[in-house]
Amino acid sequence: MPETMKLRSLAADVRAARSERGSSYTLRRQQLLGLKTMLLERGPEFEQALLTDLAKNPVESEITEIGFVLAEIDHALRHLRSWMRPRRSRPPMTLWPATARTVSDPLGAVLIISPWNYPLQLSLAPLVGALAAGNGVVLKPSEISPATSAAMALFIPQYLDAALVRVVEGGPSETTTLLDEQWDYIFYTGNETVARIISTAAARHLTPTTLELGGKSPTFVDGTANLAHVAKRLAWTKFVNAGQTCVAPDYVLVTPDAHDGLVAALESAVTDLFGTDPQASTDYGRIVSANHVSRLRAVMPRAGIAFGGQVDAKTKYIAPTAATGVKPSDPIMRDEIFGPILPILKVADSAEAIGFINSRPKPLALYVYSADRQVRRDFETQTSSGALDINVGLAHMSVPGLPFGGVGASGHGAYHGKRSFDTFSHAKAVLSKPLAPDTLSLIYPPYTAAKGRMARGLLRRLSR
Ligand code: NAD
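Rules behind the numbers
Residues numbered from 1 in each chain as written. Predicted model: local features only at pLDDT ≥ 70, side-chain atom pairs only at ≥ 80, totals over all residues. Heavy atoms only, no water. Helix = DSSP H or I, 4+ residues; strand = E, 2+ residues; numbered from the N terminus. Buried < 20%, exposed > 50% of the residue type's maximum accessible area, 1.4 Å probe, protein only. Contact = heavy atoms within 4.5 Å. Areas by Shrake-Rupley, 256 points an atom, 1.4 Å probe, with all protein chains shown as cover. Lys, Arg positive; Asp, Glu negative; His and termini not counted. Charge placed at Lys NZ, Arg CZ, Asp CG, Glu CD. Core = buried A, V, L, I, M, F, W, Y, C linked by side-chain atoms within 4.5 Å. Domains from an automatic or database assignment. Patch = residues over 30% accessible without salt bridge, like charges linked within 9 Å, V, L, I, M, F, W, Y side chains within 5 Å. Salt bridge = Lys/Arg side-chain N within 4 Å of Asp/Glu carboxyl O. Phe/Tyr/Trp six-rings, centres within 6.5 Å; stacked < 30°, edge-to-face > 60°. Lys NZ or Arg CZ within 6 Å of the ring centre and 35° of its normal. Buried area = accessible area lost by both parts, 1.4 Å probe. Polar contact = N/O pair within 3.5 Å; in protein donor to acceptor, adjacent residues only side chain to side chain. Nonpolar A, V, L, I, M, F, W, Y, C, P; charged D, E, K, R; others polar. Axes fitted to C-alpha atoms, helices over the stretch in contact; angles between N-to-C directions. Parallel < 35°, antiparallel > 145°, perpendicular 65-115°, else oblique. Near = heavy atom within 4 Å.

**Student:** An account of the overall build of the protein chain is requested, with residue identities and associated values reported.
**Tutor:** Helix and strand counts for the protein chain stand at 16 helices and 18 strands. Projected onto its principal axes, the C-alpha coordinates of the protein chain cover approximately 85 × 60 × 35 Å. Residues classed as buried in the protein chain amount to 51% of the 464 residues present. When contacts within the protein chain are restricted to residue pairs at least 6 apart in sequence, long-range pairs at least 24 apart make up 72% of them. Looking at the protein chain as shown, the accessible area adds up to about 20300 Å², and 56% of this sits on carbon and sulfur atoms. Charged side chains of the protein chain number 49 positive and 42 negative; the gap between the two group centres comes to 12 Å.

**Student:** Summarise the nonpolar core; cite the residues concerned and give the values.
**Tutor:** By size, the foremost hydrophobic cluster in this structure holds 108 residues, and its most contacted members are Leu-39, Leu-124, Leu-127 and Ile-156. Ranked by residue count, the leading element in this core is helix α4 (residues 58-84), at nine residues. Counting the residues that make up this core, at least three belong to each of domain 1 (3-213 + 414-426) and domain 2 (218-398). Counting residues in each nonpolar core, the second largest holds 20 residues, with Ala-11, Val-14, Val-168 and Leu-179 among its members.

**Student:** I'd like a rundown of a positive patch on the surface, residues and numbers included.
**Tutor:** A cluster of basic side chains, namely Arg-29, Arg-81, Arg-85 and Arg-87, defines a positive patch on the protein surface. One can find Arg-81 in helix α4.

**Student:** So what's going on with unusual backbone geometry? Which residues, and what values?
**Tutor:** With an omega dihedral of 0°, the bond running from Ala-436 to Pro-437 counts as a cis peptide bond. Inspection of the secondary structure puts Pro-437 in the loop between β18 (425-432) and α15 (449-456). A cis amide bond links Pro-445 to the next residue, Pro-446, at an omega of 0°. Examined against the element boundaries, Pro-446 turns out to sit in the loop between β18 and α15. With a phi close to 55°, Ala-55 is a non-glycine residue in the positive phi region. Mapped onto the secondary structure, Ala-55 falls in the loop between α3 (25-54) and α4. The backbone of Lys-316 shows a phi angle near 55°, a positive value even though the residue is not glycine. Structurally, Lys-316 can be placed in the loop between β11 (311-312) and β12 (317-318).

**Student:** Describe the packing of aromatic side chains, listing the residues and the values that go with them.
**Tutor:** Scanning the model with the defined rule gives 11 aromatic pairs in all. With centroids separated by 5.5 Å and ring planes inclined at 35°, the aromatic side chains of Phe-187 and Phe-424 adopt a geometry described as tilted. Taken together, the residues span a long stretch of sequence, with Phe-187 in strand β6 (residues 185-189) and Phe-424 in the loop between α14 (417-423) and β18 at a distance of 237 residues. Like Phe-187, the residue Phe-424 is buried in the burial classification. Each residue in the set Tyr-185, Phe-187, Phe-404, Tyr-415 and Phe-424 is aromatic and connected to the rest through ring pairs, giving one cluster. Positioned over the ring face of Tyr-25 is Arg-81, at 3.9 Å from the centre of the ring.

**Student:** Tell me about the domain arrangement of the protein chain, and name the residues and values.
**Tutor:** Segmenting the protein chain into domains produces domain 1 (3-213 + 414-426) and domain 2 (218-398). Each of domain 1 and domain 2 has a C-alpha centre, and the two are 31 Å apart. Taken together, the contact between domain 1 and domain 2 spans 14 residues of the former and 16 residues of the latter. Carbon and sulfur atoms make up 56% of the surface buried where domain 1 meets domain 2, a total of about 1400 Å² over both sides. Run the count over domain 1 and domain 2 and you get zero salt bridges. Counting across the domain 1 and domain 2 interface gives eight residue pairs in polar contact (both at pLDDT 80 or more). Within the residue set of the side of domain 1 that touches domain 2, elements represented by two or more residues are α3 and α4. Along the lines of polarity and charge, the residues of the side of domain 1 that touches domain 2 split into seven nonpolar, four polar and three charged.

**Student:** An account of the packing of α4 against helix α5 (residues 121-132) is requested, with residue identities and associated values reported.
**Tutor:** Where α4 meets α5, the closest approach of the two axes is 9 Å, and the angle between their N-to-C directions is 10°. Judged by the inter-axis angle, α4 sits roughly parallel to α5. Along its contact with α4, which presents Thr-64, Glu-65, Phe-68, Val-69, Glu-72, Ile-73, Ala-76 and Leu-80, the element α5 presents Gln-121, Leu-124, Ala-125, Val-128 and Ala-132. In terms of residue class, the contact of α4 with α5 is made up of nine nonpolar, two polar and two charged.

**Student:** Describe in detail the site of the ligand, supporting the description with residues and values.
**Tutor:** Surrounding the ligand, one finds 28 residues, the nearest of these being Ser-142, Glu-143, Asn-191, Leu-213 and Glu-336. One nitrogen or oxygen atom from the side chain of Ser-142 is found 2.5 Å from an oxygen atom belonging to the ligand. Separating a nitrogen atom of the ligand from a side-chain N or O atom of Glu-212 is a distance of 3.4 Å. Of all the elements in the fold, those that place two or more residues in the shell around the ligand are α7 (172-180), β6 and α8 (192-204). Partitioned by chemical class, the residues of the shell around the ligand number 15 nonpolar, nine polar and four charged. The two domains that each donate at least three residues to the shell around the ligand are domain 1 (3-213 + 414-426) and domain 2 (218-398).

**Student:** Summarise the environment of Thr-189; cite the residues concerned and give the values.
**Tutor:** Among the secondary structure elements, Thr-189 is positioned in strand β6. With 137 residues separating them along the chain, Thr-189 and Val-326 place their C-alpha atoms 30 Å apart. Ignoring sequence-local partners within four residues, the contact set of Thr-189 consists of Ile-113, Ser-114, Pro-115, Leu-122 and Glu-212.

Structural data, given as structure tokens:
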């Protein structure tokens, strides 16, 4: 059978496998344990693939990819039984006697489309949720991180039920074929342009989606914060994975009293992390492709480079860079940077920063470094973002109880922990009432005057 023909029936195939196998607790647990065993046994192969794709240091791969997914799996295994338990609700007295409960049903066939920047984490973390919820899954990882995609395509069928979970390698053409089919859910992580393609395809079948997108995540710093501590956190969150992180701080808004101190502290934080020559450091990653190097080179500020700025296209190296004196109209402030360049803009105060942030699309994350409680509260109540981290960055991702997702232009829907289970489940309402006594007859016609009085009085009170 030609490859595209095979792709054309994948939704139907995994849906059929799911129906055949059911969605018992035991099966779901088995799949999660299979995934866990795969990561434990094949960790070195995945680390090697991530090194090939992104020059990711194996320790960083452990922290941000393999370890991250293992934590998600363990959390799901610990709570799966309770998540699967139907939740009782109290029916109104007008329905008594009756029982009401919410049952979490699997959705059926789920398509997960993932990007290249954390290629393992962003493929497998949604997969944990989809499997915990009892679905059949097709995973389409990114063609831009081919080594990691190939490793997943090789190992997933060896450790999971190969009919229930399929991996399709390939790019836009394979994804387009997959999108022709009717899915029960599509979970997409990537850029906004492709998100529109996914949304349009999903709309043809009225398929619900989660869209995990990006955007420019701002950071605010004022003079009340300890700048050495801020710089260390800011430097790591910006330059980990060479800035190719969806929730990386995209730009900094800093008050005049903190500006010079922050820039100096950032430079020494970068030296602490990667030495005086980051290009020689095995702890510093590379840009994923030549196209992305060109894209970043084109927006590199021409003036005001505080440190960094070097580009070596041959080795896909871009130095950890900070630029000052950046204007909101500069090219670097137009689109998400998604690379190791940090523009720093002066604002008079937190009010100006809030105004600036609110005049732009809603970001995936917002970071506030301030010791002033009122300032922190103002950001919490006066801005909208997927997440708000105070005096820290990226860390909300690692709390399984917190939803991870965007708002507005940064996406919709959320996952991690129980949210993942809920995302990939249908919350089905189940109401059960004995046929006798037939208390419902009180609301049937004929609508007599007595029933009218009852509807306006007693029934109104009892149905609350
Ligand atoms: P990408 O190029 O790997 O694309 C993502 C997926 O879309 C891939 O699987 C790719 O094959 C598929 N795709 C690409 N073009 C397509 C097309 N024309 N039709 C159908 N499918 C297509 O990754 P990317 O988009 O460059 O990822 C980076 C973006 O993702 C950034 O904006 C980043 O902020 C965002 N992101 C968001 C999150 C999050 O969790 N919210 C995480 C990581 C990345």
